[in-house]
Amino acid sequence: MNDEPLSHIENFEQKRFEPTKHGAPVSVPVLFYAACSLVMVSRTEGRDGCAPRGQGNEMVDYAKLSRDDLIRLLHERDGSDAGGIRLTYPGQTPPWQIIRQLKPRSQRIEQSLCVGPEGSQSANALIEGENLQALVSLYKYRGQVDLILTDPPYNTGMDFRYNDRWDEDPNDPDLGMLVPADDGSRHSKWLRFMTPRLWMMKEMLKPGGVLAICIDHRELFRLGMMLDEMFGEGNRIGLLNWQKSYAPRNDQRHLSTATEYVLVYAKNADRSKTGLLPRTEAMDSRYLSRDKDPHPWKPGDLTARGEDTHLSMIYAIQSPFTGELHYPTAGRHWGSEKRRMKAYLEEWGSTYVERQIDDGRQKALVIKSGAIRGEPSFETNKALKTAKQKAEKILRGVWPVAHWRDEGQGTFGLKKYLKDVKQGIVPTTYWSSDDFDEPLELGSTSWAHEESGHSQTGINELTAIVGRGHGFDTVKPLKLFKKIIQIWCPPTGIVLDPFAGSGTTGHAVLSLNKEAGASRRFLLIEQGRPERGDAYARTLTYERLKRVISGERALKTGEVEVAAEPLDGGFRFSKLMDQVDAAAVLALEREEMVDLLLTSYWDQKDRSAGHLQRLPAGTHQHLFATSGKGEGFFLIWNGPEQSSVLNRATFRAIAAEAQAEGLTQPFHVYARISTYSGPNVEFYQIPNRILDALGFNEALHPYGVSVEGNAAEVESAA
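Residues numbered from 1 in each chain as written. Predicted model: local features only at pLDDT ≥ 70, side-chain atom pairs only at ≥ 80, totals over all residues. Heavy atoms only, no water.

J.: Before we go on, may I ask you to explain the pattern of salt bridges in this structure?
T.: Close approach of charged atoms allows side chains with opposite charge to pair. This model, assessed by the stated rule, comprises 32 salt bridges. As a salt-bridge pair, Arg572 and Glu118 come within 2.4 Å of each other at their nearest N and O atoms. Of this pair, Arg572 sits in strand 23 (residues 572-580) while Glu118 is found in helix 4 (residues 118-123), placing the two residues 454 residues apart along the sequence. Taking relative accessible area as the criterion, Arg572 reaches 22% and is therefore assigned partly exposed. Among the ionic pairs, Lys189 bridges to Asp183, the shortest N-O distance being 2.9 Å. Classification of Lys189 by relative accessible area gives buried; the value is 15%. (Salt bridge = Lys/Arg side-chain N within 4 Å of Asp/Glu carboxyl O. Helix = DSSP H or I, 4+ residues; strand = E, 2+ residues; numbered from the N terminus. Buried < 20%, exposed > 50% of the residue type's maximum accessible area, 1.4 Å probe, protein only.)

Structure below.
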């Protein structure tokens, strides 16, 4: 796994990992780690089993399972032993077993359907094709996505297709038959359809990324159980309950379905961040300038909770306007220390002193030489009259930050400035016009239609852009998707939608970028409705995005003209082809090898140095990770048809990459053969077992390096 810590990995005591007759490195003392660390599942057919028993009930050869698969099997076993709740269904297959069989497909850019300047096209993508194949083919974005926001089939009947042959070969190009509502196995088919897609969505997320997936009552509970198992219950951020219709609909015998749901999960809740929603004009209008203060404010409290624990902060203060004594309200105490409170009071023109007034509390803060109510001189006290005159004069100007409310007749409070309030709304357990200055736990959230929009609103928005006759009767409102993106995708982040539909996600990204000057990017995948002969990825989805960028709108007459403000941006349209992307397959194999090398390296004498930091795929030819000390880790391997030799030429390329990244020596280099030696290189031989698992046989592929060539290179390197 890309983001797993490496601190638990056992030490490899040898520089060259020579396998034993059992296929495990000699230097690894733990049998489990030996099985997990140096064995990878073959991508060829017939070697992908990862369940305890095969289809014929035969025992699976654990030596052929990858480290990740073995760990997952142990997690399953431990979960069962612990009595955990798990979702099981007919035809259930571990998702990673399905994913390993999938082959990435090549993509063909449709230049006539690309929109915007080249720079904008490269930022966003609309991909036409089956979404599971597309997700695997987008391997360059693995671990790079901030938010996945999607609206999958709800299993309403006739809204998704399933091919039973996918259970054996997920590469089968047939999209299968539509699953009707009266299909007795519709739930298990939906689960088998969704499971590998959800798994790939999780793989696409950054460590702190978030999945927000729409659903209704039909599959809500099964989807929740599946996500709890896949992401972990502790990574469930919340359940959004949004109002989808204005009035109850007579579509059920008992209860009208007026709401739908959005399940929100983090890949790692400890690393994900919840953003703020923009403040509204109504919220800001509550901040005024009641005096001549140039900064708008509203009355705030000068007390805090905790009467029993802060007895020393409960005492009387005297008003310069009325001479009356004021206490904190019941159950509260003054929120500032007494010295600060005295300073606040004296900003109104009078000197205050501490005085014991026999009220059972701490000494009061009263006006110097003044009297308190009940004393004979209270009505005629000169100090009180002088204090009132000074306070009334200050009242006609800019008031101090701690002020007397109600033109001096009320209690003592504190100005709460708009400029000091967090510039946004924290998501709460119910959306309302109230603003909250402190974060609240999101939990199970209900959004009224004023906050999230209605389904009919979404349909009207789509109709206004592309015209009538689009055939969509369920469209998510733009406001709902914009809110979710604002909360869980940073201004420079990437949003992925594998079920793009009419393109609401892309529209929301472009709209938010325009409103807030952000630079979010979108990746949309849509295959259309082949059963209707409607490839609307290139008609409806494409047309909506094109028109919101151009500002074009459909008129009632059927004509199209620029009638709205254009949104900056563009996108690249590409079609997923049937051909396997050989370069992508090679890149994935290289990434699998990098996964193993990252988990296998651990220097016993340097445990305190920290973890190796993996670099994004494709950013360097050889460099794949760096250490906490600034040392680089390099891999010379580009498939069995290319040489994997550390020689003078490859060393120069490695040295150039290290210099560009400011890395220190020694350089840690993995390859099959080394003909270069020097004090600035630590060489590690790629084990035979790894290459064999990737389908490489060294007896048949000697990397094209002859013995004479090796000798010549050694002599040259010397």
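Now, onward.
J.: Explain the environment of Ala371 here, please?
T.: Mapped onto the secondary structure, Ala371 falls in the loop between strand 15 (364-367) and helix 10 (382-395). Separated by twelve residues in sequence, Ala371 and Ala383 place their C-alpha atoms 8.2 Å apart. The residues touching Ala371, leaving out its near neighbours within four places in the chain, are Gln318, Arg355, Ser377, Phe378, Asn381 and Leu384. (Contact = heavy atoms within 4.5 Å.)

J.: I tried to follow the sheet that holds strand 25 (residues 623-626) on my own but got confused; where do I start?
T.: Taken in spatial order, the five strands line up as 24-25-26-28-30 in an open sheet, and their pairing is mixed. Each end of this open sheet is capped by a strand with a single partner; those strands are strand 24 (613-614) and strand 30 (681-685). Pairing geometry for strand 24 and strand 25, over two bridges, is antiparallel. Note on strand 25: the bridge partner recorded for Arg614 is Ala625. Contacting strand 25, strand 26 (631-635), strand 28 (664-671) and strand 30, helix 17 (residues 648-661) runs over the sheet at an angle of about 135 degrees to strand 28. (Pairing = 2+ DSSP bridges. Axes fitted to C-alpha atoms, helices over the stretch in contact; angles between N-to-C directions.)

J.: How do you make sense of the sheet that holds strand 9 (residues 297-300) when you look at a structure like this?
T.: Hydrogen bonding along the main chain pairs the strands of a sheet, whether they run parallel or antiparallel. Overall, antiparallel pairing links the three strands, which are arranged 9-17-16 in an open sheet. A single partner strand is all that each edge strand has here, and the edge strands are strand 9 and strand 16 (402-404). Neighbour to neighbour, the strand axes of the sheet diverge by 45 degrees on average, direction disregarded. Strand direction decides the pairing type here: strand 9 and strand 17 (residues 412-417), joined by four bridges, are antiparallel. Within the sheet, the bridge partner assigned to Gly300 lies in strand 17 and is Leu414. Relative to the sheet, helix 9 (residues 338-346) contacts strand 16 and strand 17, its axis offset from that of strand 17 by approximately 85 degrees.

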